Amino acid sequence: MIQLTGVSKSYGLGKVVQAVSGMNLQIGPAERVAVMGPSGSGKSTLLNLICGLDGPTAGSVKVDGMELSALSDDARTRLRREKIGMIFQTFNLLPTLTALENVAFPLRLQGLAKKDAEPRAASMLVRVGLKDRSSHRPDELSGGERQRVAIARALIFRPLLLLGDEPTGNLDSVSGEEILRLLDGLQHEYASTLLMVTHNSQAAGYCNRIITLHDGRIVKDERFDRAPATGR
Amino acid sequence: MMIPALWQISSRQWRAHRLRVLMTTLGIALGVAVFFAVRTANTALLDSLSLTVERLAGKSTLEVTSGETGFPEEVIDTVRATPGVELAEPVIEVIVHSAFADEGNLLILGVDTTGDQQLRQYEFDRSQTEIADPLTYLAQPNSLLLSRAFAERHGLRIGDRLPIFTAHGRKDFIVQGLFQPVGVGAVFGGNVAVMDVYSAQVVFDRGRSFDRIDLMNSRSVPVDELQRRLCARLPAGLETVRPQMRGQALENAVTAMRLGMLITSFIALLVGVYIIFNSFTIAVNQRWKEIGILRSLGVERRNVYAMFLGEALLMGVIGSISGIAGGFYLAAAASKVMGSIAASVYGVISTAVAPRLHPVTVLTSFALGVAASLIGAWFPARAASCLDPILALHNIESRQPESSLGWKRIAPGSALVLVASLLVHFSPSRVGMTLQLSYAAVILLGLTLLLPMLVQGSARLIHPVMDWAGGAEGGLAVDAMVRSPRRSSATVGALMVGLMFVFSTGAYIQSYKHMIGRWTHRMLNSDLVVATSTLLRSTSYHFSEDMGNRISALPEVKSVENVRFTFIPFQGDSAAVIAIEMDGFLARASDAIEGGSSRHVRELLPRGEGVLVSNNFSARWRCRVGGRVRLNAPTGVLDLPILGIVEDYRSDKGSIFMDRALYKKFWKDDAVDFVDVNLKPGEDATLVKRKIERLTSGSEHALVYTNAELRIWIGSLVDQFFLLNYMQLVVAVVVAVVGIVNTLIVSVMERSREFAIVRAVGGYCSQIRKMVLLEAVAISIVGVMVGALAAVFNIQFMSRTVSTVVAGYEVPFYFPWLLVLAALPAVAAVSLLAAWLPALRAMRMSVIEAIGYE
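Undergrad: Help me understand the sheet that holds strand β1 (residues 2-11) of chain A, please; the structure alone is not making it clear to me.
TA: Two orientations exist for strands paired in a sheet by backbone hydrogen bonds: parallel and antiparallel. Residue and element names in this part refer to chain A. Strand order in the open sheet formed by four strands is β2-β1-β4-β5, and the pairing between neighbours is antiparallel. In this open sheet, the two edge strands, each paired with only one partner strand, are β2 (17-27) and β5 (66-67). In this sheet, β2 lies alongside β1 in antiparallel orientation, the contact comprising seven bridges. Residue Tyr11 lies in a different strand from β2, and its bridge partner there is Val17.

Undergrad: Please clarify how helix α18 (residues 545-552) of chain B should be interpreted in this entry.
TA: Residue pairs spaced three or four apart in an α-helix point in one direction, given the helix's 3.6 residues per turn. Of all the positions in α18 of chain B, only Met547, Gly548 and Ile551 of chain B are classed as buried. Looking down the long axis of α18 of chain B, one finds its buried residues gathered within 100° of arc, a one-sided arrangement.

Undergrad: Could you clarify how one ought to interpret the interface of chain B and chain A in this entry?
TA: Many analyses report the size of an interface as the accessible area lost when the parts associate. Contact with chain B, which involves 25 residues of that partner, is made by 28 residues of chain A. In this structure, the connection of chain B to chain A is made through five salt bridges. The closest approach of N and O atoms between Arg302 of chain B and Asp74 of chain A, which form a salt bridge, is 2.2 Å. At the junction of chain B with chain A, the criterion picks out 11 residue pairs in polar contact (both at pLDDT 80 or more). Elements represented by at least two residues in the side of chain B that touches chain A include exactly α1 (3-16), α11 (288-296), α12 (301-344) and α14 (389-393) of chain B. Class assignment for the residues of the side of chain B that touches chain A results in 13 nonpolar, four polar and eight charged.

Undergrad: Help me understand unusual backbone geometry in this model?
TA: Most peptide bonds adopt trans geometry, and most residues besides glycine take a negative phi value. Residue and element names in this part refer to chain A. The phi angle at Ala30 is positive, at roughly 65°, despite the residue not being glycine. By secondary structure assignment, the location of Ala30 is in the loop between β2 and β3 (32-36). A positive phi is found at Asp64, a non-glycine position, where the angle reads about 50°. Along the chain, Asp64 falls in the loop between β4 (58-63) and β5.

Undergrad: Mind showing me how you'd approach empty space enclosed by the protein here?
TA: Over the atoms rolls a probe the size of a water molecule, and in doing so it shows where empty space is left. One pass over the full model with this rule turns up seven cavities of 30 Å³ or more. Empty space within the largest cavity amounts to approximately 60 Å³. Along its surface, the largest cavity is lined by Arg80, Arg81, Ile84, Gly85, Met86, Pro106, Arg153, Ala154 and Phe157 of chain A together with Ser296 and Leu297 of chain B. Listed by contribution, the elements that provide at least two residues to the lining of the largest cavity are α2 (73-83), β6 (84-87) and α5 (143-155) of chain A. At three residues, the largest contribution of residues to the lining of the largest cavity is made by β6 of chain A.

What counts and how
Position labels on residues start from 1 in each chain and follow its written sequence. Here chains are named by letter from A upward and ligands by number from 1 upward, in the order in which they appear as written. Local features in this predicted model are restricted to residues whose pLDDT is 70 or higher, and side-chain atom pairs enter the listing and the counts only when it is 80 or higher, whereas totals over whole chains, interfaces and linings include all residues. Side-chain measures here rest on the full set of heavy atoms in the structure, leaving out hydrogens and waters. Pairing between two strands is assigned when DSSP locates at least 2 bridges connecting them. Runs of E in the DSSP output that reach at least two residues are strands. Runs of H or I that reach at least four are helices, and both are numbered from the N terminus. A 1.4 Å probe rolled over the protein chains alone gives each residue an accessible area, and that area as a share of the maximum for its type sets the label: buried under 20%, exposed over 50%, partly exposed in between. Summarising the geometry, the arc corresponds to the directions from the helix axis toward the C-beta atoms. Residues are treated as being in contact if the distance between any of their heavy atoms lies within 4.5 Å. We count a salt bridge whenever a side-chain nitrogen from Lys or Arg sits within 4 Å of a carboxyl oxygen from Asp or Glu. Under the rule applied, a polar contact is a pair of N or O atoms within 3.5 Å (in protein, one hydrogen donor and one hydrogen acceptor; residues adjacent in sequence only if both atoms are side-chain atoms). Residue polarity is assigned by list, with Asp, Glu, Lys and Arg as charged and Ala, Val, Leu, Ile, Met, Phe, Trp, Tyr, Cys and Pro as nonpolar; anything else, Gly included, falls into the polar class. Definitions used for this entry: grid spacing 1 Å over protein atoms alone; cavity, a set of points where a 1.4 Å probe fits but cannot get out; pocket, an open set with protein on both sides within 12 Å along at least 5 of 7 lines; lining residue, one with an atom within 4 Å of a point. Grid points are joined across faces, edges and corners, and a volume is the space filled by probe spheres set on the points.

Here you go:
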């Protein structure tokens, strides 16, 4: 599903910061991978490289067999729209849309009419336990509820790849646990590949592979055999 | 496929920012309304002129004229003897002042009533089948037929007396018949009368001349053929034209006014472009994170671009439709203003025509409104589509500093300003008005590209002052501008456009007034002027030379100069002729002659062996001292050398100065439009003025001005001419204020987290308020600086290009230092007022909410 070969990414002109350095990584279909490491170790950069929001300085990034650097900006955007669901620490919901409209939005981007997209979004909201909150705007929802909406939005088009950037980073432990259970169950159901950047070992415990980064390099790559939706 | 989903985002944004959307749409609506109103009023004026010509011409297919000067009556015999002429009738057309205090002018047509009724429509009242007493009508030169509209306004009946000022003073006319307000009777708002042409010659001192001959061709001879035959038979100074050409001549007379109005309407549209630009720049800043989210969700750049342009398109459509609706009502007012200026400044008569919806004007206004909206949104939409999504998704702290000094902006911006400035300087006036107007737009576009750099540079320049005057908050306020020059650019841009118009218009008016002041000092420097009308000329009412003689006989008077100020056909257009007694003129105004040998001028000019031409005549017709002018007079062709160039602004067509004796000889016209009176040393001009007023009271319609009064009157005429520019200034100031309010509100919203952090680390509410208010002051100072810079280019454009296109002469460049200095506290005060609400909002912000603000 994901293949990184000799990927490096640096920033700046004078004082160069090496965010990712000569990274090789392969992630297979339906894997659940946690990426951990201290701040500045390159976790978010790795995520940005994989979803095509950023390009590598050197090396190759392939997603679903496609070499991202060979794709145009529009093609990378289309890849995100059709194959990659993203969940952010700060939720990044569209503030002017209701929960239902936020979830339906990716389908509408794919060309579905509102009347077709919104029933699917409504059933997705039921799946994440927000049946009664569908008409609320993000500022009327709690942090946990916002993240549920974000998960529903990420999964609405059954993405091959689900990327999470500290999905529980802004939540209390109870809400965080709920979100992780939900994510775990849905990921298993949809058979999406999950790649989640986290500082939280509780969150990492839901994955069957933990990659640890330091100074832009993989320093540990551990695999576990865990049943879905069970946690540690 | 993408658009419907994005419309949802757009519509919610519009709902959330109703005020901004409303102000933006209003901006476009205002521009379109002004453009539509001016175009519609322009068309209504032209319709009105053409209707007037049509009604006055009746069934005539050709006219024989000689400008405003008239021609000997024997010409009628030549015309009637020309094979192919079915009917030829002489006409004298006079606009007179009636002695009714509250009544406007009255158009009197001198015609041969019997023959003329075959040409023109006169519908007499049902109560009368014909003229009440035909014999009396013809026998008494003071008889006239009056329109019922005019008669009813003054309670006049058949047999009543109507007092009118004529060349021989005030005279009572007897109403011998009334006709209904149709055909000729509907011209000039019904202020029309008809009298016998030979009586008109006598009472209006036309000698044995006619103003015009209206004729019909016989069926066997086509109009063009007859026109050729008449041209071959008649002297060179006489023109044979179709009546429609007279409409064209009237249109030409009001060209300057129409151009001025058109330029105003384009400026209003340009202002609309800037409002849209300003609003969309704000929107992109406001929706920074939303754009990042959309991009991360798979919305392509082109669709982000399309989303913003789509919004602009919709605003343009709504604004244009509203503008057209509003403009239609505005057109009625604009039409009245233009009709009144046409009558008072240009002496052009018209028939009231209500503005109509012209499909072409509607479509043009709509298209221009939508185009203006799209042009205004183009750059902000592009900026939105180019946003780096990673950067956009981050919080404010992690945003990179803006690269305001990128060469991608500086190079094209500088190039556009430079190229357009060179074009303004070197481009000839004949390349066409549209092209010339686009130079100003290109300069503005270049300056817009350079704005962030200018904002950053100016902010750095005022940093020490703000630091010193505003303390730490002052420094922080300016830092915000240096850090985010693009955000401040939106406000500064609005201020730049508004102040640019204020400064450049102010500079232009001041420079123009200074120029007119110099001209009046050099040219109109006689002690008193006795004139037939406020415009120093009249197409119909003139003094006889006896007026000059009577004034000259006063013991206080040293000398008088009789002046004829009229228009003659010249090279397919027209030119003013100022026929003056040259000895007297040269004695008092030789300083005004700028080119040529003064010895030659003094020798040849009084002998009628050469002419002087005005500076705008020289520029318009590309002729210099030593060149020749060829004039077609009714009695023959005059080919004379140009002896000198003289500064004169009486006519936008350009003026030719010649000795009065020469004019009288070739034009057979001894009428006088005004008399220059020079007093003996020590005589009091005010006392002599009263004496002349007593001398002419009751007999002549004479306006007597002292030199000081004349200058004041000319100053007020200039102010009247610049009325449109004052309206532009109001629009410009409104734009600037809307811009300031808009961007300051957004600026505070955008920086809520920044303010919250300041509060969290111990900043007082009052410090936040001070920061917001000081930023507003800093923006206003930078706005004045940038506005003054933009004004330099616009002053150059107005004084060279606009002035040459509209008036035919350049106005000297003048920079309005005092106006700029005066604007500084005024703009700062407006900015402070505009920032007051945003400052309160910033003070009341919840720190916890703002820090957690997503």
